[in-house]
Amino acid sequence: MILLVNFSSPFLRSPRAPVITEGMSSSEVLAGEAEGNGGIMGQQKNLEGYVGFANLPNQVYRKSVKRGFEFTLMVVGESGLGKSTLINSLFLTDLYSPDYPGPSHRIKKTVQVEQSQVLIKEGGVHLLLTIVDTPGFGDAVDNSNCWQPVTDYIDNKFEDFLNSESRVNRRLMPDSRVHCCLYFIAPSGHGLKPLDIEFMKRLHEKVNVIPLIAKADTMTPEECLQFKKQIMKEIHEHKIKIYDFPETDNEEEMKMIRKIKDRLPLAVVGSNTIIEVNGKRVRGRQYPWGVAEVENGDHCDFTILRNMLIRTHMQDLKDVTNNVHYENYRSRKLAAVTYNGVDNNKNKSQLTKPDTPDGMSPLAQMEEERREHVAKMKKMEQEMEQVFDMKVKEKIQKLQDSEAELQKRHEQMKKNLQAQYKELEEKRRQFEEEVNTWETHQRILEQQKLELNRTIDKGKKKKIF
Amino acid sequence: LSSGSEVSLSHSNMSESAKPHHPSPQGKGEKSHGGDFSYVGIDAILEQMRRKAMKQGFELNLMVVGQSGLGKSTLMNTLFKSKVSRNKSVQSNPEERIPKTVEIKSISHDIEEKGVRMKLTVIDTPGFGDQINNENCWQPIMKFINDQYEAYLQEEININRKKRIPDSRVHCCIYFIPPTGHCLRPLDVEFMRRLSKVVNIVPVIAKADTLTLEERDSFKQTIREELRANGIDVYPQKEFDEDAEDRMINDKIREMIPFAVVGSDQEYQVNGKRLLGRKTKWGTIEVENIAHCEFAYLRDLLIRTHMQNIKDITGSIHYETYRVRRLNESNGHLESLLGSLPVKRATVFW
């Protein structure tokens, strides 16, 4: 309650000085002062003399100008909806020129994500603009999962940023995250197509989605209003969160923002050809029945889009991407890793990197690693056992085979032997037979000899007598 | 009474056209019957045919195919200057939900002009090409067309036939190409390739007020090249040109297809006249103005000059192809019934 008044300091006046707070009467002011200055934060002080921190924005400004700005814009839509033309019109450059035709001039078989960069300088300010195009989106007969390459691209960019943020040396952090996605809706006049709804549902949590009605000169003003109402209704029905303009305290800005919100989704017409209308040179499209001007607020919402995207809300888009979408991605990614060791991101090779992201307790990580190690060992053990089993089986099989073979050979040889025996027997028999016949033959001969001898003897005997 | 005078008026027209065959020195526009000896009266058969046609009336079955939101119903209404296509309710839910599969909705109207009655059937195909996966979305349509041929065939091979078989065959299919300005999409190519073999296809560029004249010309060029490259024969087919005169007329048409059309059923005041058109902040597009869009050419082709030719080709070529195929399939069963029916029928004049 003691008022500390430092008269020596030239910057603090006595608290009797009027406090500039809106809506407070002077008596309240004095009462507030009398209570004490315990809470200096809530009170504003009017300063005598010039301090100079009003210069801070200028310093920030100068630094940013030196550093330059980066902005990544993604355009998605079926081919032929005027995406390339609109980009050229927005940034007044020929990003896609006749010598370097845009992807829309060739029909792609699958959805691809292509990126082109251009450095734009205006008033000493550098802008490194990256345009991400998605040729082939929605063009095939079967368009299921045609949003997959797009979501993968966005996630990859987030991952790159996450890794560069977690590095030890963080001097250079290029921000290549997608800050804004312009989704082009075909001007059918009826409502959103199933493809539109599917795509926006999958992307509204990853990136700022701004739906646009392409080729808006197809529709009369009544049709356009009807179409816009229908689209907004469907967006609310399906709970799609498109980019929301931030609330500001400034009344005028709020009015402007409310006007923009009424005209969502913006119906745009793109053109870079300059035509003369009533002596004025405007950008527009020449028809036999008139000229549709691109920058005329009555004709289409192009100026609103350009102002919003570039002049007023570019920084906000980057902030929302950084604070909301990127943080969502980050918390999802990290939560999945530290959740009970069950790693949902096994297929992403980020965990094997040596630098661990912040916020993961080392103990849990060690547990994790130990468990991994044990599991690995078990697996190796199992594998080795399997291999061993297999080898044993093989060996047994081989032995059995050779045994069978030997057996066979044994049989074979036995048979051979028997056959030889038989042969021998046969020969012996034959021999015996021959011997027998020879003997009988001999006996006969003997007998014959005896006979002969007897007869000779008889003869001899007769002679003697 | 009025019909009587119209009849006689047309009779004089007929005799004018019959002039080259008729050597009699009758003055132009005279309607004498019996004043000349060398006048036989063969040309009066045209009059008899005409009277019969007026009594019987004509039938025309048009099918419209294209993604939702391309202005098919509006174009039909503009073509026939009345609300002939499917009803779009005007209440708080004006846009129908996109159906999950391709449906076939057929609506018939009897319209009459100057005594000529026509039964017009518009066959709509909501849901075509609207899904995420459009594989085989042409199958319900092909099945429908073949079913109509089948029904006609069944009536034809009946033992006791009706005197006049109701013709529900699809005479012409109008295919709506979205005005991307670049080239045909794979879905368009697939569909037209398959259907040009069973029905007459007339491709049109829908919502042509999106394209400037240069873009329109280059788009048409690209489309024609792609059609040629894929071997798609759209109406009028080159192979069915009967003589040199036909070929000349059809060549002129072939240089203009696909027609860039704009449809509208609202009238606006332009230069003191009330015309059908679309009013935008930068100008009014007149539907029937040839400088603005080619709706007039399409209408002439479909209704004023080539309607009969379309029906002929459907009857004598597409239907016959179907018939031959069907009969060959079930040759054992049907041959006994058919016996001596000739394979190609003489073209009846309607």
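Residues numbered from 1 in each chain as written. Chains lettered and ligands numbered in written order. Predicted model: local features only at pLDDT ≥ 70, side-chain atom pairs only at ≥ 80, totals over all residues. Heavy atoms only, no water.

**Q** Any chance you could explain the overall build of chain B here in plain terms?
**A** Within chain B, the regular secondary structure consists of 10 helices and nine strands. A buried classification covers 47% of the 350 residues belonging to chain B. In the structure as shown, chain B presents an accessible area of about 18,500 Å², 52% of it carried by carbon and sulfur atoms. (Helix = DSSP H or I, 4+ residues; strand = E, 2+ residues; numbered from the N terminus. Buried < 20%, exposed > 50% of the residue type's maximum accessible area, 1.4 Å probe, protein only. Areas by Shrake-Rupley, 256 points an atom, 1.4 Å probe, with all protein chains shown as cover.)

**Q** Got a minute to help me understand the confidence of the model for chain A in this structure?
**A** Detailed reading of the predicted coordinates is not advisable wherever pLDDT falls low. All names here are of chain A. Counting all residues, the mean pLDDT for chain A is 79, and 82% of those residues have values of 70 or more. Within the model, the stretch residues 1–40 combines pLDDT values under 50 with 22 contacts to residues more than four positions away or in other chains. Here residues 340–359 is a poorly scored stretch, pLDDT under 50, and it has 24 contacts once near neighbours within four places are set aside; other chains count. (pLDDT = per-residue confidence, 0-100. Contact = heavy atoms within 4.5 Å.)

**Q** In this structure, what is going on with the nonpolar core? I would like to understand it.
**A** Nonpolar side chains in soluble globular proteins generally cluster together in the buried interior. Residues Met63, Ile141, Ile145, Ile174, Phe191, Met192 and Leu195 of chain B are the most contacted members of the largest nonpolar core, which totals 79 residues. Tallying contributions element by element places helix α4 (residues 139–156) of chain B first for this core, with seven residues. When sequence neighbours within four positions are dropped, the list of residues in contact with Ile141 of chain B reads Met63, Val65, Val102, Ile104, Thr125, Phe128, Phe191 and Leu195 of chain B. Counting 74 residues, the second largest nonpolar core, distinct from the first, contains Val209, Phe227, Ile242 and Val269 of chain A. (Core = buried A, V, L, I, M, F, W, Y, C linked by side-chain atoms within 4.5 Å.)

**Q** I keep staring at the pairing of strand β4 (residues 172–177) of chain B and nothing clicks. Help me out?
**A** Both faces of the sheet carry side chains from a regular strand, because those side chains alternate between them. Residue and element names in this part refer to chain B. Here β4 lies mainly inside the structure; six of its six residues are buried. Alternating residues of β4 divide into Cys172, Ile174 and Phe176 and Cys173, Tyr175 and Ile177, and every residue in both groups is buried. In terms of strand pairing, strand β1 (residues 58–65) meets β4 through four bridges, oriented parallel. Paired with Val65 across the strands is Tyr175, a residue of β4. Bridge count for β4 against strand β5 (residues 200–205) is six bridges, and the pairing is parallel. Note that in β5 the partner of Ile177 across the bridge is Ile205. For the segment spanning β4, helix α5 (residues 186–195) and β5, crossover handedness is right-handed. (Pairing = 2+ DSSP bridges. Right-handed = clockwise from strand over helix to strand, strands pointing away.)

**Q** What is the right way to look at the sheet that holds strand β8 (residues 273–280) of chain B in this model?
**A** Within a beta sheet, neighbouring strands are joined by backbone hydrogen bonds and run either parallel or antiparallel to one another. Residues and elements named next belong to chain B. The sheet built from three strands is open, its strands ordered β7-β8-β9 with antiparallel pairing. Bordering the open sheet on either side are β7 (267–270) and β9 (283–286), each of which pairs with just one other strand. Within this sheet the neighbouring strands show an average axis-to-axis angle of 65°, counted without direction. (Axes fitted to C-alpha atoms, helices over the stretch in contact; angles between N-to-C directions.)

**Q** Looking at this structure, how should I read the pattern of salt bridges?
**A** Any two side chains of opposite charge can pair if their charged atoms end up close together. All names here are of chain A. Within the structure shown, the criterion is met by 40 salt bridges over all chains. Residue Asp301 pairs with Arg263 through a salt bridge whose shortest N-O separation is 2.6 Å. With Asp301 in the loop between β9 (290–293) and α8 (302–312) and Arg263 in the loop between α7 (251–262) and β6 (266–267), this residue pair connects regions lying 38 residues apart in the sequence. With its nearest N and O atoms 3.9 Å apart, the salt bridge here joins Glu367 to Arg370. One end of the pair, Glu367, and the other, Arg370, are both in helix α10 (residues 362–464), three residues apart, so they sit about a helical turn from each other. (Salt bridge = Lys/Arg side-chain N within 4 Å of Asp/Glu carboxyl O.)

**Q** What is the right way to read the sheet that holds strand β8 (residues 280–287) of chain A from this model?
**A** Residues and elements named next belong to chain A. In space, the three strands of this open sheet follow the order β7-β8-β9, with antiparallel pairing throughout. The strands lining the two open edges of the sheet, one partner per strand, are β7 (274–277) and β9. Put simply, the sheet's adjacent strands are angled 70° from each other on average, direction ignored. Relative to β9, β8 runs antiparallel, the two sharing four bridges.

**Q** How should I be thinking about the interface of chain B and chain A in this particular structure?
**A** One widely used convention gives an interface's size as the accessible area the parts lose upon coming together. With 39 residues of chain B at the contact, the number on the chain A side is 41 residues. Of the roughly 3,500 Å² buried between chain B and chain A on both sides combined, carbon and sulfur atoms contribute 57%. Counting the contacts that link chain B with chain A gives two salt bridges. With a closest N to O distance of 2.9 Å, Arg278 of chain B and Glu223 of chain A form a salt bridge. (Buried area = accessible area lost by both parts, 1.4 Å probe.)

**Q** When you look at a nonpolar patch on the surface in this model, what are you seeing that I'm missing?
**A** Residue and element names in this part refer to chain A. A surface patch of nonpolar side chains, about 380 Å² in accessible area, is lined by Leu47, Val51, Phe53 and Leu56. Summarising the element assignment, Leu47 is placed in the loop between α1 (26–35) and α2 (56–67). Judged by its relative accessible area of 38%, Leu47 is partly exposed. (Patch = residues over 30% accessible without salt bridge, like charges linked within 9 Å, V, L, I, M, F, W, Y side chains within 5 Å.)

**Q** Explain unusual backbone geometry to me, please; I cannot follow it from the model alone.
**A** All names here are of chain B. Put simply, Tyr235 and Pro236 share a cis peptide bond, and its omega is -5°. Its place among the elements puts Pro236 in the loop between α6 (213–229) and α7 (244–256). A cis amide bond, omega -5°, links Ile257 with the succeeding residue Pro258. Tracing the backbone shows Pro258 in the loop between α7 and β6 (259–260). Phi at Asn136 is positive, roughly 60°, even though this residue is not glycine. Tracing the sequence through the fold places Asn136 in the loop between β3 (116–124) and α4. Residue class for Asn136 comes out partly exposed when judged on its relative accessible area of 37%. The backbone of Lys207 shows a phi angle near 45°, a positive value even though the residue is not glycine.

**Q** Would you mind showing me how to read the side chain of His313 of chain A here?
**A** All names here are of chain A. For His313, the location among the structural elements is in the loop between α8 and α9 (314–338). Side-chain polar atoms of His313 contact the side chain of Thr312, separated by 2.9 Å. Excluding anything up to four places from it in sequence, His313 contacts Tyr243, Phe245, Pro246, Ile257, Asn307 and Met308. (Polar contact = N/O pair within 3.5 Å; in protein donor to acceptor, adjacent residues only side chain to side chain.)

**Q** Explain empty space enclosed by the protein here, please?
**A** Empty space among the atoms becomes visible once a probe the size of a water molecule is rolled across them. On inspection of all chains with the given rule, the structure shows seven cavities of 30 Å³ or more. Put simply, the largest cavity is a space of about 250 Å³. What lines the largest cavity is a set of 20 residues, among which Ala186 and Pro187 of chain A together with Leu70, Pro178 and Pro179 of chain B lie closest to the centre. Partitioning the lining of the largest cavity into residue classes produces six nonpolar, nine polar and five charged. (1 Å grid on protein atoms, 1.4 Å probe; cavity = no way out; pocket = protein on both sides within 12 Å on 5 of 7 lines; lining within 4 Å. Points joined across faces, edges and corners; volume = space filled by probe spheres on them. Nonpolar A, V, L, I, M, F, W, Y, C, P; charged D, E, K, R; others polar.)

**Q** What is the right way to read the pairing of strand β2 (residues 105–113) of chain B from this model?
**A** All names here are of chain B. Judged from the nine bridges that link them, β2 and β3 form a sheet pairing that is antiparallel. Bridging across to β3, Ser108 finds its partner in Thr121. Between the antiparallel neighbours β2 and β3 lie two residues, among them Lys114 with a positive phi of about 50°.

**Q** Sorry if this is basic, but what is going on with the environment of Pro211 of chain A here?
**A** Residue and element names in this part refer to chain A. When you line up the elements, Pro211 lands in strand β5 (residues 209–213). Given the relative accessible area of 2%, Pro211 is considered buried. Separated by 27 residues in the primary sequence, Pro211 and Phe184 have C-alpha atoms spaced 6.1 Å apart. Setting aside chain neighbours within four positions, we find Pro211 in contact with Tyr183, Ile185, Met200, Ile235, Ile242, Pro265 and Leu266.

**Q** Sorry if this is basic, but what is going on with the side chain of Asp155 of chain A here?
**A** Residue and element names in this part refer to chain A. Considering the arrangement of structural elements, one finds Asp155 in helix α4 (residues 148–166). Side-chain polar atoms of Asp155 contact the side chain of Lys206, separated by 3.2 Å. The residues contacting Asp155, other than those within four sequence positions of it, are Lys206 and Tyr329.

**Q** Can you walk me through the confidence of the model for chain B in this structure?
**A** All names here are of chain B. Scored by pLDDT, chain B has a mean of 78; 79% of the residues are at 70 or more. Confidence drops under a pLDDT of 50 for residues 1–34, and excluding neighbours within four residues, the segment shows 20 contacts in the predicted structure. Predicted confidence is poor over residues 89–95, with pLDDT under 50, and the contacts of this stretch with residues over four places away or in other chains come to seven contacts. Interface confidence in the predicted complex, given as ipTM, is 0.71; pTM for the same model is 0.67.

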